[in-house]
Amino acid sequence: MSEVDALLERLVAQFAGPYDFLRELVQNALDAGSDRAEVVLETHTEVGGEADEVVYELRVSDAGGGMDEAVIDGGLTRLFASTKADDRTMAGGYGVGFVSVFAWEPEAVVVHTGRAGEAWELVFYPDRRFEKLRLGEPVEGTTVTLLRRGRASERPAIAEAVRDSLWRWCRYCRLELSFEDIASGEPVELIQDSPAPADTPLTISEVQGDTTVHVAFAVPPSATLLRRGLVLAEGGAAELLGPLLPGLGRTAEHLQVWIDSPLLRTTIARDKVVDDAGQRGVLARAAAAVTGLRARLVAAIEAAAAEAGPWTRARHEHYAHLHAHLGRELEALGAGLRERPLLRDAASEAGLSPAELMTRLRGRSVLTFDPDEVDTGLLAAAGRAGYPVLAAEASDLGWLMALLAIDAGRVLPLQRALFRERGDAASEGLRAAVERGLLAAGVVVQLRLAAAAPGSTAARPGLVGVEVASDKEGALVVYAAGPWPESAWKAGTLWVEDGMLQRAALKAFVSAPRTAALTLACAVAAGLGRAGSEAGAIAEGLKDLSVGTGS
C-alpha cells in the first residue's frame with residue numbers, strides 16, 4: 001500500500017460513524033449554493049443473486065452550482081488515482097470530506113455533476129481509483145450515489161441509520177433537507193429543527209453577522225456548536241463547554257447553549273472543534289450572554305415576588321421555577337443576593353430580601369405557606385405580629401434553605417406551626433411548678449399551658465411554642481419540631497401544647513406533683529435546647545414539692 005493509500009485509509013477510519021458521510025455531502029451542497037438536498041434510499045433486487053440479496057442505492061442530490069472539469073481535476077479527484085493514469089497528487093483538500101463515503105463500504109460511488117454546459121459522470125471504486133466520463137446531456141447540480149450489496153432484511157436498520165445521521169448532524173441546516181425510504185412506502189420526511197424560542201426571560205439570542213449565539217437557562221443542559229447549520233459538536237454543557245469556559249460551576253447544570261458561526265472550525269475528521277482565536281471569540285460572547293442571563297433571572301424573581309394581587313398556584317409555580325434556577329447560580333452571583341428582594345412575604349404581600357428576613361426573624365424559625373392551603377386568618381395574624389411568612393411549599397425547601405443558608409429544622413409550614421392558644425386555668429399549679437423548676441436551672445421564662453381547643457384535631461409539630469402575638473381571640477403561638485434557639489424564646493412567653501405529655505403530667509400532679517413537674521420541666525428544657533445538665537438543678541428546685549401543696 002502506498003503512503004497516499006494509507007493516508008486515505010486513516011482518513012476514512014477517523015470518521016466517527018459509517019453514515020457521517022451524509023453530513024459531508026450536505027456540507028458540499030451548502031458550499032455549492034444549493035437551497036435543497038434530497039437523500040433517497042432505494043432497494044433493487046439482485047439479478048441472479050440469492051433470494052434475499054439486494055443492491056442498496058443511497059443517493060444524495062442537490063441543486064447547487066455543480067462542478068466542471070477544472071474543479072473535478074483540481075479538487076474532487078486529487079486524493080484518488082485515475083484508472084488510466086496514476087496521476088494522483090496530495091495538493092489541496094477539496095476531496096477530504098468526500099473520502100468519508102467509503103466508511104459505508106460501497107462497491108461503487110457514482111457522481112453526476114455539471115456546470116456551464118459541461119456534464120460529467122465519475123465512478124469511484126473501493127481501491128480509491130476512479131473513472132471519468134463526459135456526458136452529452138446537461139446535469140443540474142450534483143448527485144452522489146452509493147451502491148452496496150446486502151440483505152433485504154437490513155433495509156429498516158439502514159434507513160434508520162440514515163435518518164439518525166441526518167437528524168444528528170443536519171437538522172439545523174440552512175437548506176431544505178429531506179429523506180425518503182422508497183421501499184417503506186412512507187412519505188418524504190423533512191429534516192428540520194430549530195433552537196428553543198427566544199421569548200422567555202431566561203433566554204438571550206444575539207445575531208452578529210453570520211454568527212448566532214443562543215443561551216438559555218433550561219433543563220436538560222446541552223451545548224450545540226454549528227457552522228452554517230451543520231452540527232460540529234454537541235453534548236452536555238459541562239462535558240462540552242466545561243473545559244472551554246472555566247468557572248461554569250453549577251451553571252452547567254441548567255445551561256443550554258446553541259452557537260452557529262463560520263468562526264468555528266473542526267479537525268479534518270470532524271471529531272472536535274479546533275481551539276483557536278475564532279472559537280475563543282465566539283465562546284467569550286456566550287459567556288457574556290450567560291452573565292446577562294443571570295441578571296435577567298434575578299430581575300424576573302424580584303418582579304414575581306413584588307407583583308401585587310392574590311398569590312395563586314400559577315404565580316407560585318412561576319416564582320418557584322425561577323428560584324430553582326437561581327439555586328444553581330448562588331455561587332456565581334455571590335453575597336450581593338442577600339440584599340435583593342427575592343422572597344415573597346405573604347403577610348405584607350411584598351418582596352423581601354434574605355438579609356432583611358433574617359434580621360426580622362431574630363433567630364426564630366422561618367414560616368412558609370402553601371398557596372393551596374393558606375389560612376388567611378393565621379396569615380393576617382402573623383403579619384400583625386411582624387412575622388414574615390414566605391411563599392414556599394415542601395418542594396421549595398431545597399432552594400429556600402440554600403438561599404437563606406439555614407437547615408430544614410428552622411423552616412416551618414404556617415399551617416402546621418402557627419396556632420391560636422388559650423391558657424388552661426385548671427393547670428395553674430402544674431404551670432407554676434414547672435416554671436419554678438426551670439428557674440432553678442437558670443431558664444427564666446413565662447410559661448403557659450395550653451387548654452384543649454374545642455373541635456381542634458391539628459397536631460402541634462413540637463411540645464414547646466413561642467408566643468408571637470395575642471388578641472381577644474387568644475395567643476398566636478409558633479411551635480417548632482426541634483429545639484428553639486435561645487434568642488427566640490428568652491424574651492417571650494412560652495407555651496406547652498395540650499398534648500399527651502401535658503395531660504399525663506396534669507393527671508399525675510395530684511398524687512405525685514414533684515415527679516410530674518420534674519418530667520414536664522425537663523421536656524420543656526429539651527425543647528429549648530437545654531436538655532441534660534439542667535435535670536439535677538430542676539430536681540433540686542422542686543425538692544420540697546409534695547402532695548397536697550400544688551406549689
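Here goes a summary of the coordinates provided. Nothing here was measured: the structure is a model prediction, and the numbers come from that model.

1. With respect to the overall build of the protein chain
Regarding its fold elements, the protein chain presents 17 helices and 24 strands. Excluding contacts between residues fewer than 6 apart, the proportion of contacts in the protein chain whose partners are at least 24 apart in sequence is 67%. As presented, the protein chain carries roughly 24,800 Å² of accessible surface, and 53% of it is formed by carbon and sulfur atoms.

2. Topic: the packing of helix H13 (residues 428-440) against helix H17 (residues 534-541)
The contact between H13 and H17 brings their axes to 7 Å, and the two run at 125 degrees. Taken together, the axes of H13 and H17 lie oblique to each other. You can see that H13 and H17 cross each other, and the crossing is right-handed. Mapping the contact onto sequence places Arg-436, Gly-437, Leu-438 and Ala-440 in H13 and Ala-537, Ile-538 and Gly-541 in H17. Looking at the contact of H13 with H17, its residues break down into 4 nonpolar, 2 polar and 1 charged.

3. Section: the pattern of salt bridges
Throughout the structure, instances matching the rule amount to 35 salt bridges. Between Glu-234 and Arg-171 there is a salt bridge; the shortest N-O distance is 2.7 Å. Highlighted residues: Glu-234 in strand E13 (residues 230-235) and Arg-171 in the loop between helix H4 (155-170) and strand E8 (176-181), separated in sequence by 63 residues. Looking at Glu-234, the relative accessible area reads 33%, which means it is partly exposed. For Arg-171, a relative accessible area of 13% corresponds to the buried category. Arg-360 is paired through a salt bridge with Asp-345; the nearest N and O atoms lie 3.5 Å apart. With a gap of 15 residues between them, Arg-360 in helix H9 (residues 354-361) and Asp-345 in strand E15 (residues 343-345) connect regions that are remote in the sequence. Judged by relative accessible area, which is 26%, Arg-360 ranks as partly exposed. What you see here is one network of salt bridges that share partners, running through Asp-35, Arg-36, Glu-38 and Glu-140.

4. Some details on helix H2 (residues 21-31)
Burial within H2 is extensive, with 9 of its 11 residues counted as buried. The complete set of buried residues in H2 reads Phe-21, Leu-22, Arg-23, Glu-24, Leu-25, Val-26, Gln-27, Ala-29 and Leu-30. Directly after H2, the chain includes Gly-33, whose backbone phi takes a positive value near 80 degrees.

5. Comments concerning the packing of aromatic side chains
Two numbers describe a pair of aromatic rings. These are the distance of the centres and the angle of the planes. For the coordinates displayed, the defined rule picks out 8 aromatic pairs. Both rings, one in Tyr-19 and one in Trp-104, keep their centres 6.3 Å apart while their planes meet at 65 degrees; by these two values the pair is edge-to-face. Placement of Tyr-19 in the loop between helix H1 (3-14) and H2 and of Trp-104 in the loop between strand E3 (81-82) and strand E4 (108-115) is noted, with a sequence separation of 85 residues between them. On the basis of relative accessibility, which here comes to 1%, the residue Trp-104 falls in the buried class. Ring pairs connect the aromatic residues Tyr-19, Phe-21 and Trp-104, which therefore count as one cluster. Of note, Arg-23 hangs over the ring of Trp-169, and the distance from its end group to the ring centre comes to 4.1 Å. Geometry around Trp-104 places Arg-148 over its ring, the cationic atom sitting 4.1 Å from the centre.

6. Quick look at unusual backbone geometry
For the bond from Val-219 to Pro-220, the omega torsion is 5 degrees, close enough to zero to count as cis. By the secondary structure assignment, Pro-220 is in the loop between strand E11 (211-217) and strand E12 (222-227). Backbone geometry at Arg-228 places phi at a positive 55 degrees, although glycine is not the residue there. With respect to the secondary-structure elements, Arg-228 resides in the loop between E12 and E13. The partly exposed category is assigned to Arg-228, whose relative accessible area is 30%. In this structure, Glu-349 is a non-glycine residue whose phi angle is positive, near 55 degrees. Position of Glu-349 among the secondary structure elements: in the loop between E15 and strand E16 (350-352).

7. Focus on the sheet that holds strand E21 (residues 446-449)
Strand order across the open sheet formed by 5 strands is E20-E23-E22-E24-E21, with mixed pairing between neighbours. Strands at the two margins of the open sheet, each flanked by one partner only, are strand E20 (418-421) and E21. The average angle at which neighbouring strand axes cross in this sheet is 40 degrees, direction not considered. Direction of pairing for E20 relative to strand E23 (residues 474-479): antiparallel, over a ladder of 4 bridges. Counterpart to Leu-418 in the pairing with E23 is Val-478.

What counts and how
- Residues numbered from 1 in each chain as written.
- Predicted model: local features only at pLDDT ≥ 70, side-chain atom pairs only at ≥ 80, totals over all residues.
- Heavy atoms only, no water.
- Helix = DSSP H or I, 4+ residues; strand = E, 2+ residues; numbered from the N terminus.
- Contact = heavy atoms within 4.5 Å.
- Areas by Shrake-Rupley, 256 points an atom, 1.4 Å probe, with all protein chains shown as cover.
- Axes fitted to C-alpha atoms, helices over the stretch in contact; angles between N-to-C directions.
- Parallel < 35°, antiparallel > 145°, perpendicular 65-115°, else oblique.
- Left-handed = near helix turned anticlockwise from the far one by under 90°.
- Nonpolar A, V, L, I, M, F, W, Y, C, P; charged D, E, K, R; others polar.
- Salt bridge = Lys/Arg side-chain N within 4 Å of Asp/Glu carboxyl O.
- Buried < 20%, exposed > 50% of the residue type's maximum accessible area, 1.4 Å probe, protein only.
- Phe/Tyr/Trp six-rings, centres within 6.5 Å; stacked < 30°, edge-to-face > 60°.
- Lys NZ or Arg CZ within 6 Å of the ring centre and 35° of its normal.
- Pairing = 2+ DSSP bridges.

Everything listed is a geometric property; what it means functionally is a separate question.
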